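The lines below spell out each chain.
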Amino acid sequence: GRVARIGADVGTEAQDAEQVRRTAVAALRDLLRTIAAAGPTVLAIDDFQWGDRDSTVLLEELLAAPDPPGLVLVVAFRSEEVDTQPFLARFVKWARAGGARDIAISPLSPDESRALASRFLGVADAAADAIAGESGGSPFLIELLARRAAAVSRDAGVQPVSVSAAEMIASRVADLPADAGALLETLAVAARPIPALVARDAAQLRDERPVAGALEAEHLLRAGAVAGELEVYHDRIREAVVARLSPARLVAIHRCLA
């Protein structure tokens, strides 16, 4: 109700799937062109490694000549997935052929990691050095490790101590209620975003929403790029959760997902 109607009336006559698709792409292209004409426009897509071939084809068609929308397209993805995802390799080849610019986002340097850990801890000491090394340069893990170390030190009444990522995650997961643990384990085994209702049924929950909300507040899961999907917040969390599962539990979760 807030976007002005654009484009031609597509009518109500029967159309085959390809006609419907072409009409939808043309309408989205016109919408982007209209928005871009009103001012500088950036179309940002995160976690594109979770896309598919249709995603790549859609972007190619939206930005194809002649007269593409005048916008900046920013697509973020894990570079290591280019070799394992054919659609991603196709997208990278297409983007580079069109003059796209690659911007590699590297992990924080040891000095940057140490400075960030010290900021969270409030002190620059051996704990900050240990957290910087354990985090692998991930700001997300630096924050979690520093907060965990500070909490442990408060309980023990000593200077902040370092905790490994695996220990920190294992401790947080062990403290979860049974239903939250089941949902997190299910998503970790799935290893990619899945529909919330699928996760609910596989985890054998009556209602996944309050459980997912609690896990999201703890930065253990997040909504997927597609509406209605859930995924583990970070791969290090996913790997740590899966590593602590017994073979029998792992098989049981795979069976429930199937």
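Reading the values: the criteria
Residues numbered from 1 in each chain as written. Predicted model: local features only at pLDDT ≥ 70, side-chain atom pairs only at ≥ 80, totals over all residues. Heavy atoms only, no water. Phe/Tyr/Trp six-rings, centres within 6.5 Å; stacked < 30°, edge-to-face > 60°. Helix = DSSP H or I, 4+ residues; strand = E, 2+ residues; numbered from the N terminus. Buried < 20%, exposed > 50% of the residue type's maximum accessible area, 1.4 Å probe, protein only. Axes fitted to C-alpha atoms, helices over the stretch in contact; angles between N-to-C directions. Parallel < 35°, antiparallel > 145°, perpendicular 65-115°, else oblique. Left-handed = near helix turned anticlockwise from the far one by under 90°. Contact = heavy atoms within 4.5 Å. Nonpolar A, V, L, I, M, F, W, Y, C, P; charged D, E, K, R; others polar. Patch = residues over 30% accessible without salt bridge, like charges linked within 9 Å, V, L, I, M, F, W, Y side chains within 5 Å. Areas by Shrake-Rupley, 256 points an atom, 1.4 Å probe, with all protein chains shown as cover. Salt bridge = Lys/Arg side-chain N within 4 Å of Asp/Glu carboxyl O. Pairing = 2+ DSSP bridges. Core = buried A, V, L, I, M, F, W, Y, C linked by side-chain atoms within 4.5 Å.

1. Points about the packing of aromatic side chains
Taken as a whole and assessed by the stated rule, the structure comprises four aromatic pairs. Note on F48 and F87: the rings are 5.8 Å apart at their centroids and 70° apart in plane angle, and the pair reads as edge-to-face. One end of the pair, F48, is in the loop between β1 (42-45) and α2 (53-62); the other, F87, is in helix α3 (residues 86-97), with 39 residues separating them in the sequence. F87 carries the same exposure label as F48, and that label is buried. Centre to centre, the rings of F48 and F91 are 5.0 Å apart; their planes meet at 55°, and the pair counts as tilted. Of this pair, F48 sits in the loop between β1 and α2 while F91 sits in helix α3, and the two are 43 residues apart along the sequence. Exposure class is identical for F48 and F91. Each is buried.

2. Some details on unusual backbone geometry
If a residue is not glycine, its phi is most likely negative; likewise, a peptide bond is most likely trans. Between A65 and the following residue, P66, the backbone shows a cis peptide bond with an omega angle of 0°. Of note, P66 is situated in the loop between α2 and β2 (72-75). Although it is not a glycine, D47 adopts a positive phi angle of roughly 55°. Mapped onto the secondary structure, D47 falls in the loop between β1 and α2. Unlike most non-glycine residues, D67 shows phi in positive territory, near 55°. In this structure, D67 sits in the loop between α2 and β2. Among the residues examined, D67 registers a relative accessible area of 52% and is labelled exposed.

3. Digging into the packing of α2 against α3
It is at 8 Å that the axes of α2 and α3 come closest, and there the two elements cross at 20°. Relative to α3, α2 is oriented roughly parallel. As for how α2 packs across α3, the hand of that crossing is left-handed. Taking contact as the criterion, the partners of R53, T56, V57, L59 and E60 in α2 are, on α3, F87, R90, F91 and W94. Among the residues forming the contact of α2 with α3, the class breakdown is five nonpolar, one polar and three charged.

4. Side note on a nonpolar patch on the surface
Residues V42, V72 and V74 make up a contiguous nonpolar surface patch of roughly 250 Å² in combined accessible area. When you line up the elements, V42 lands in strand β1. A residue is classified by how much of its surface remains accessible, and V42, at 56% relative accessible area, is exposed.

5. A short note on the sheet that holds strand β5 (residues 229-232)
Taken together, the three strands give an open sheet; going across it, the order is β3-β5-β4, and neighbouring strands pair in antiparallel fashion. Of all the strands in the sheet, just β3 (194-195) and β4 (221-223) have a single pairing partner and so form its edges. Where helix α8 (residues 178-190) meets the sheet, it contacts β3, β4 and β5, and its direction lies at approximately 85° from that of β5. Against the sheet, helix α10 (residues 208-217) touches β4 and β5, its axis set at about 110° to β4.

6. Structural notes on the nonpolar core
The biggest cluster of nonpolar side chains holds 40 residues, and the ones touching the most others in it are L121, I131, L183, L184, L187 and L215. The dominant element in this core, judged by the number of residues it contributes, is helix α6 (residues 139-156), at eight residues. Setting aside anything within four residues of it in sequence, one finds L183 in contact with A199, A203, L205, E208, V211, A212, L215 and L221. Listed in part, the eight residues of the second largest apolar core include F48, L88, V92 and A95.

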